[in-house]
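Structural description and commentary
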Amino acid sequence: MTSPLKYKLVGKPRVKFSPSEGREIALHQIQALIDLPKHGVKAGDIGGWVEGPHNLNQEGACWVEGEAEVYGEARVTDDALIRCQARVYGSAVVAGDATVEGVAKVYGKALISGSARVSGNSDICGHADVSGSAVVHDTDIEDHAVIKDNVKIVDSYVRDRAVVRGDMMIRNAYIIEHAHIEGNGTLEKIAVSGHARISGNVTLHKVIISDHSLIMGDIVLRGKQEDGMNTSCRVRGRMIFRDGAYVTHPEHMLAISPIGRDLDTLTAYTGVTTGEDGKQQAVIRVARGLYTGTIDEFIDHVIEKDAGERKEETFIYLQLAPLIKSHFARAVKELQAVLDAQSSESH
């Protein structure tokens, strides 16, 4: 049995030239023939504009309202909603419970699905994929970029094959190339490129991350404003930050490379650990390859693991250790003061 039609085309067509389609298009307003409670639509209500019946599925609760337009080979299906002055065109698909609103544009072969919401002055194009419960506002997403899960991204730019997923809140970000971001946390005023990877419970502010850098675990990295000047933390090359990193100034991190026959990179940074008394302690943490720990733990590790077969590298690390401790002495004291103040406030 064929389902009854839920809308029809009415009124005089709106004819205009579409630069994206390279032709003149005639848009028709729609009128509901049945109630669509999901979107508060009553039979007889006038909706938005489509080029033809192929743009808006007659099944499901999908709807176009207000001054929104859908044309070209674009399709709106399932229970999706296009409203305000949003435009969907090209071969784009908006499906599931997704919403496109504001003056957002979805075009190319982009896919918006799940319960994703695209709003503001966003541009979603290319083969971009926005899904899950993602919220995209005033953000451009291009090429093969993917935004999914519970990501909220505002005033940002994502392109190439970048992937952003998890429970992230992202604002003022530039994420390109093969960057991969997942986990939960807050990222603000950042730039991520190359094959950089970010995961875990991460707080990043005024940070530039590139190349093959790795940031994972419970991490805090912040740039700083001094004398009216913004200073960003720059993470590059093969720098690694793992659990316990707590960096609030660019001088609170250091990368040394290349070291030894494997051209290793040793990353040192201020961090936090919990002592036997349960209190947080400021420490110097280092990471190399798969290893991470305090500077003292690292030296013990080097002596135990590397002394036999990598005497030259062991010698280098033993010479570097006191220099690293001296470099971070002031930073560790400053961080400990912050931790003590936070502890006092909590009590």
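These notes cover the structure that comes with them. Small disclaimer: the values here were computed from a predicted structure and weren't measured. (Residues numbered from 1 in each chain as written. Predicted model: local features only at pLDDT ≥ 70, side-chain atom pairs only at ≥ 80, totals over all residues. Heavy atoms only, no water.)

1. With respect to the sheet that holds strand 34 (residues 280–288)
Rule in force here: A pair of strands is treated as paired once DSSP finds two or more bridges between them. Here a strand is any run of E in DSSP of at least two residues, a helix any run of H or I of at least four, and the numbering for each starts at the N terminus. Axis definition: a line fitted to C-alpha atoms, limited for helices to the stretch in contact. Angles are taken between N-to-C directions and run from 0 to 180 degrees.
One open sheet holds the four strands; their spatial order is 32-33-34-35, and the pairing between them is antiparallel. The open sheet has two edge strands, strand 32 (253–259) and strand 35 (291–294), and neither has a second partner. Strand-to-strand twist in this sheet, taken as the mean axis angle between neighbours without regard to direction, amounts to 25°. For strand 32 and strand 33 (residues 264–274), the ladder comprises five bridges, and the chain directions are antiparallel. Residue pairing for strand 33: L254 is matched across the bridge by A268.

2. Things to note about the side chain of T77
Here is the rule: We call two N or O atoms a polar contact when they sit within 3.5 Å, provided that within protein one can donate a hydrogen and the other can accept it, with sequence-adjacent residues counted only if both atoms are side-chain atoms. The contact criterion used is simple: two residues touch if any of their non-hydrogen atoms lie within 4.5 Å.
Assignment of secondary structure puts T77 in the loop between strand 6 (75–76) and strand 7 (81–82). Engagement of the side chain of T77 in a polar contact is seen with the side chain of D78, the distance being 3.4 Å. Sequence-distant contacts of T77, that is, excluding residues within four places in its chain, are made with N57, C62, V94, A95 and G96.

3. Description of the pattern of salt bridges
As a reminder of what qualifies: Here, a salt bridge means any side-chain nitrogen of Lys or Arg that lies within 4 Å of a carboxyl oxygen of Asp or Glu. Using a 1.4 Å probe on the protein chains alone, a residue whose accessible area is under 20% of its type maximum counts as buried, one over 50% counts as exposed, and one in between counts as partly exposed.
By the definition in use, this model includes 13 salt bridges. Residues K16 and E69 are paired through a salt bridge, measuring 2.6 Å at the closest nitrogen-oxygen approach. With K16 in strand 1 (residues 7–18) and E69 in strand 5 (residues 69–70), this residue pair connects regions lying 53 residues apart in the sequence. Judged by its relative accessible area of 25%, K16 falls in the partly exposed class. On the accessibility criterion, E69 (6% relative accessible area) is buried.

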